[in-house]
Amino acid sequence: RSKMGNNKSFDKIQFKTLLTEASSRMSIKRGKKVNELYRVKEKIVDYVKNGDMSSALIYIDNYINEENKLNVFDVLCTMCDQLKGRITEIESYGITDDLSANANAIVFASQRLDIKELQSLGAILKDVMPKVEYKEAMNGS
């Protein structure tokens, strides 16, 4: 990996702020998702009680998919926190091997989740990561 040196394009204060805001936004979305899932669970119970199993199965499938998103938010928040603790290193050396999984996940999620702070982080990481790795992260490979 190439050393970034005094790369003026990396604003560590902005990066840290975006990491904090992204974590906060994901926590809020997670809370909303938990409330939404509670309501869906009640709908499923109503469908089962009324014998409408086909509708219940559709909602169950949706429930499982949405519940999995909670884990995505949890993991991304942890990854943001880990990057936040290593900002000085990122400023000096860019994304090192031990941080590449975190950066890759954020870049991948930035294009798939409707969270503007993640999108801004993805744009910053584009300048900090090697181009090949950034493209691979975008594609999820």
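Scroll up a little and you will see the structure.
Quick look at the structure, then. (Residues numbered from 1 in each chain as written. Predicted model: local features only at pLDDT ≥ 70, side-chain atom pairs only at ≥ 80, totals over all residues. Heavy atoms only, no water.)

From N to C terminus, the protein includes six helices and zero strands. Shown N-terminal to C-terminal, the secondary structure of the protein runs as helices and strands in the order α-α-α-α-α-α. For 141 residues, the compact-globule estimate of 2.2 N^0.38 gives 14 Å, and the protein exceeds it by more than 25% at 19 Å. Reported as C-alpha extents along the three principal axes, the dimensions of the protein are approximately 65 × 25 × 20 Å. Counting the 141 residues in the protein, one finds 34% classified as buried. If you take every contact in the protein between residues at least 6 apart in sequence, the share linking residues at least 24 apart comes to 71%. Summed over all atoms, the accessible surface of the protein reaches about 8,500 Å², with 51% contributed by carbon and sulfur. Here the protein carries 22 positive and 20 negative side-chain charges, and the mean point of each set is 4 Å from the other. (Helix = DSSP H or I, 4+ residues; strand = E, 2+ residues; numbered from the N terminus. Rg over C-alpha atoms; globule rule 2.2 N^0.38 Å. Buried < 20%, exposed > 50% of the residue type's maximum accessible area, 1.4 Å probe, protein only. Contact = heavy atoms within 4.5 Å. Areas by Shrake-Rupley, 256 points an atom, 1.4 Å probe, with all protein chains shown as cover. Lys, Arg positive; Asp, Glu negative; His and termini not counted. Charge placed at Lys NZ, Arg CZ, Asp CG, Glu CD.)

A separate point is helix α5 (residues 116–128). Owing to its 3.6 residues per turn, the α-helix brings residues three or four apart onto one side. A rise of 1.5 Å per residue sets the reference length of α5, with its 13 residues, at 18 Å; its end C-alpha atoms lie 19 Å apart and thus fit the reference within 8%. Listed in full, the buried residues belonging to α5 are Glu117, Leu118, Leu121, Gly122, Ile124, Leu125 and Val128. Packed against the buried residues of α5 are α1 (12–49), α2 (53–84), α3 (87–93), α4 (100–110) and α6 (131–139). (Expected span 1.5 Å × (residues − 1).)

Let's shift gears to the pattern of salt bridges. A complete count under the given rule lists eight salt bridges for this structure. As a salt-bridge pair, Asp81 and Lys84 come within 3.8 Å of each other at their nearest N and O atoms. Taken together, the residues span about one helical turn, with Asp81 and Lys84 both in helix α2 at a distance of three residues. Residue classification places Lys84 among the partly exposed residues on the basis of a relative accessible area of 24%. With a shortest N-O distance of 2.3 Å, Arg86 and Asp98 are connected by a salt bridge. (Salt bridge = Lys/Arg side-chain N within 4 Å of Asp/Glu carboxyl O.)

Their axes nearest at 9 Å, the elements α1 and α2 cross at an angle of 160 degrees. As far as their axial angle goes, α2 and α1 are roughly antiparallel. Crossing angle aside, the handedness with which α1 passes α2 is left-handed. A breakdown of the residues in the contact of α1 with α2 according to their chemical character gives 21 nonpolar, four polar and 13 charged. (Axes fitted to C-alpha atoms, helices over the stretch in contact; angles between N-to-C directions. Parallel < 35°, antiparallel > 145°, perpendicular 65-115°, else oblique. Left-handed = near helix turned anticlockwise from the far one by under 90°. Nonpolar A, V, L, I, M, F, W, Y, C, P; charged D, E, K, R; others polar.)

What follows covers the packing of aromatic side chains. By the definition in use, this model includes two aromatic pairs. Between Phe10 and Phe15, the ring centres sit 5.2 Å apart and the planes meet at 55 degrees, which makes this aromatic pair tilted. Each ring, one from Tyr47 and one from Tyr59, has its centre 5.3 Å from the other, and the planes form 35 degrees; the classification is tilted. Taken together, the positions of Tyr47 in helix α1 and Tyr59 in helix α2 put the pair 12 residues apart, joining distant regions of the chain. Tyr47 gets classed as partly exposed once you look at its relative accessible area, which sits at 23%. Owing to a relative accessible area of 22%, Tyr59 belongs among the partly exposed residues under this scheme. The ring centre of Phe108 lies 3.7 Å from the NZ or CZ of Arg112, which sits over that ring. (Phe/Tyr/Trp six-rings, centres within 6.5 Å; stacked < 30°, edge-to-face > 60°. Lys NZ or Arg CZ within 6 Å of the ring centre and 35° of its normal.)

The terminal C-alpha atoms of α2, which comprises 32 residues, lie 47 Å apart, in line with the 46 Å expected from a rise of 1.5 Å per residue. Buried within α2 are the following residues: Ala56, Tyr63, Glu66, Leu70, Phe73, Leu76, Cys77, Met79, Cys80 and Leu83. Against α1, α3, α4 and α5 lie the buried residues of α2.

Next up on the list: the side chain of Glu66. Residue position: Glu66 is located in helix α2. Taking the relative accessible area as the measure of exposure, Glu66 reaches 11% and is therefore buried. If near-sequence neighbours (up to four positions away) are discounted, Glu66 is found in contact with Lys33, Glu36 and Leu37.

Let's shift gears to the environment of Thr88. Mapped onto the secondary structure, Thr88 falls in helix α3. In this structure the C-alpha to C-alpha distance between Thr88 and Gln14, which are 74 residues apart in sequence, comes to 13 Å.

Geometric values such as these leave the question of function open.
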